[in-house]
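Reading the structure
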Amino acid sequence: MSSPTAIGIDIGGTGIKGAVVDLSTGALLSDRVKLPTPKGGRPQDIVETTRQILATVSAGAGNLPIGVCFPAIVKNGHTMSAANVSDKWIGLAAETLFEKGLGVPIHFVNDADAAGYAEATFGAAKGVDGVVLLTTLGTGIGTALINDGALVPNTELGHLEIDGVDYETRAAFSAKERDDLSWSKWAGRLQKYYSRLEALFSPDLFIVGGGVSKHHEDFLPLLKLHTRIIPAVHRNNAGILGAAALAARHSPSAV
Ligand code: BGC
């Protein structure tokens, strides 16, 4: 019997990418198709780019569950925030908008939740008991809270207020680049951030994702925490994998 499959699409600030995923292994079964995110990040333009990606990815793939992840709070298919995207997403019935534009049912989720679910299903948090906190360090900071394998969605802990500011503006990878910080200067900011998370959640494991986690040896050893902190296994594909796996779990045919 062939393995279960689904399509994952990851919408980011600079690119939108998608692929067919083998849900028993987390392997990509198609090429990863990527197009630039349309300027301005308006909903209708993003739906159109997603349609183009889906047309390529789904060619010949049959009728698969489709998951789409996006950098905002997603509640009952509505996007409820817009930290690094157009304000037009706030309060938008995004899932319905995409279903109309794409002509197929989809499952719409937060991008960090998708990445966390991917790590719990196919990666660094697979089989880990207790509280796992995944953080993605990119343009913003995304977080996924997982307890005994179950995801608590929309934690949005990148926006914790520390030193009177929304701390993703200090500790995200974009802040390292913007302020031209050395690894050790940036690690000083990360230390504050992870110490606060540790005090609030007493996690059993921190997982650090986002593209910069491929350089984990340059900054993770500088952090002094009680909690083990390790890099994510799936960096650039985590959103695709998690969106696909969550869509399959929510599809009407799922058992
Ligand atoms: C957003 C989150 C998102 C994270 C990573 C934050 O600014 O508020 O929803 O998960 O960035 O993209």
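Attention in this report is confined to the structure presented alongside it. Note that the structure is predicted; figures quoted are calculated from it, not measured.

**Quick notes on the overall build of the chain**
Counting secondary structure elements, the chain contains 8 helices and 14 strands. The globule rule puts the C-alpha radius of gyration for 255 residues at 18 Å, and the 18 Å found for the chain is close to it. By principal-axis analysis of the C-alpha atoms, the chain measures approximately 50 × 40 × 30 Å. By the burial criterion, 51% of the 255 residues in the chain qualify as buried.

**A short note on the sheet that holds strand S8 (residues 131-137)**
Strand pairing in a sheet relies on backbone hydrogen bonds. The paired strands run either parallel or antiparallel. Read across the open sheet, the 5 strands follow the order S10-S9-S8-S13-S14; overall the sheet is mixed. Each edge of the sheet is formed by a strand with only one pairing partner; in this case those strands are strand S10 (150-152) and strand S14 (228-231). Direction aside, neighbouring strands of the sheet carry axes that sit 25° apart on average. Two strands pair when backbone bridges link them, and S8 and strand S9 (residues 141-147) are joined in this way by 7 bridges, in the antiparallel orientation. Bridging from a neighbouring strand, Leu-133 pairs with Leu-145 of S9. Against the sheet, helix H3 (residues 111-122) contacts S8, S9, S10 and strand S13 (205-209), and its axis sits at roughly 45° relative to S9. Across the face of the sheet, helix H6 (residues 183-201) comes into contact with S8, S9, S13 and S14 while running at roughly 150° to S8.

**Some points on the site of the ligand**
Neighbouring residues of the ligand: Pro-71, Ala-72, Ala-83, Asn-84, Asn-110, Asp-111, Ala-112, Ile-141, Gly-142, Glu-156, His-159 and Glu-168. Within the side chain of Asn-84, an N or O atom sits 3.3 Å from an oxygen atom of the ligand. Here an oxygen atom of the ligand and a side-chain polar atom of Asp-111 are 2.5 Å apart. Contact with the protein chains removes 92% of the 310 Å² of surface that the ligand exposes when unbound. Elements represented by at least two residues in the shell around the ligand include exactly H3 and S9. Among the residues making up the shell around the ligand, the classes are represented as 5 nonpolar, 4 polar and 3 charged. Residue-level mapping places the shell around the ligand at the junction of two domains, with at least three residues from each of domain 1 (5-113 + 237-249) and domain 2 (127-231).

**Some remarks on the packing of aromatic side chains**
Per the stated rule, a full pass over the model turns up 11 aromatic pairs. Seen from their ring centres, Phe-98 and Phe-108 are 5.1 Å apart, and the 50° between their planes marks the pair as tilted. Here Phe-108 lies in strand S7 (residues 107-110) and Phe-98 lies in helix H2 (residues 94-102), a separation of 10 residues in the sequence. The residues Phe-98 and Phe-108 share a single accessibility class, namely buried. The interplanar angle of 70° and the centroid separation of 5.4 Å between the aromatic rings of Tyr-193 and Tyr-194 together place this pair among those described as edge-to-face. Comparing Tyr-193 with Tyr-194, the two get one shared label, buried. Through a chain of ring-to-ring contacts, three or more aromatic side chains come together here, namely Phe-70, Trp-89, Phe-98 and Phe-108. Above the face of the Trp-183 ring, Lys-176 is positioned so that its terminal group lies 4.3 Å from the ring centre.

**Brief notes about the environment of Gly-116**
Structurally, Gly-116 can be placed in helix H3. Every residue in contact with Gly-116, bar those within four places of it in the chain, is listed here: Leu-134, Ala-144 and Ile-146.

**Overview of the side chain of Lys-17**
Mapping Lys-17 onto the fold places it in strand S2 (residues 15-22). Of the polar contacts made by the side chain of Lys-17, one reaches the backbone oxygen of Asn-236; its length is 3.2 Å.

What counts, and at which threshold
Residues numbered from 1 in each chain as written. Predicted model: local features only at pLDDT ≥ 70, side-chain atom pairs only at ≥ 80, totals over all residues. Heavy atoms only, no water. Helix = DSSP H or I, 4+ residues; strand = E, 2+ residues; numbered from the N terminus. Rg over C-alpha atoms; globule rule 2.2 N^0.38 Å. Buried < 20%, exposed > 50% of the residue type's maximum accessible area, 1.4 Å probe, protein only. Pairing = 2+ DSSP bridges. Axes fitted to C-alpha atoms, helices over the stretch in contact; angles between N-to-C directions. Contact = heavy atoms within 4.5 Å. Near = heavy atom within 4 Å. Polar contact = N/O pair within 3.5 Å; in protein donor to acceptor, adjacent residues only side chain to side chain. Areas by Shrake-Rupley, 256 points an atom, 1.4 Å probe, with all protein chains shown as cover. Nonpolar A, V, L, I, M, F, W, Y, C, P; charged D, E, K, R; others polar. Domains from an automatic or database assignment. Phe/Tyr/Trp six-rings, centres within 6.5 Å; stacked < 30°, edge-to-face > 60°. Lys NZ or Arg CZ within 6 Å of the ring centre and 35° of its normal.

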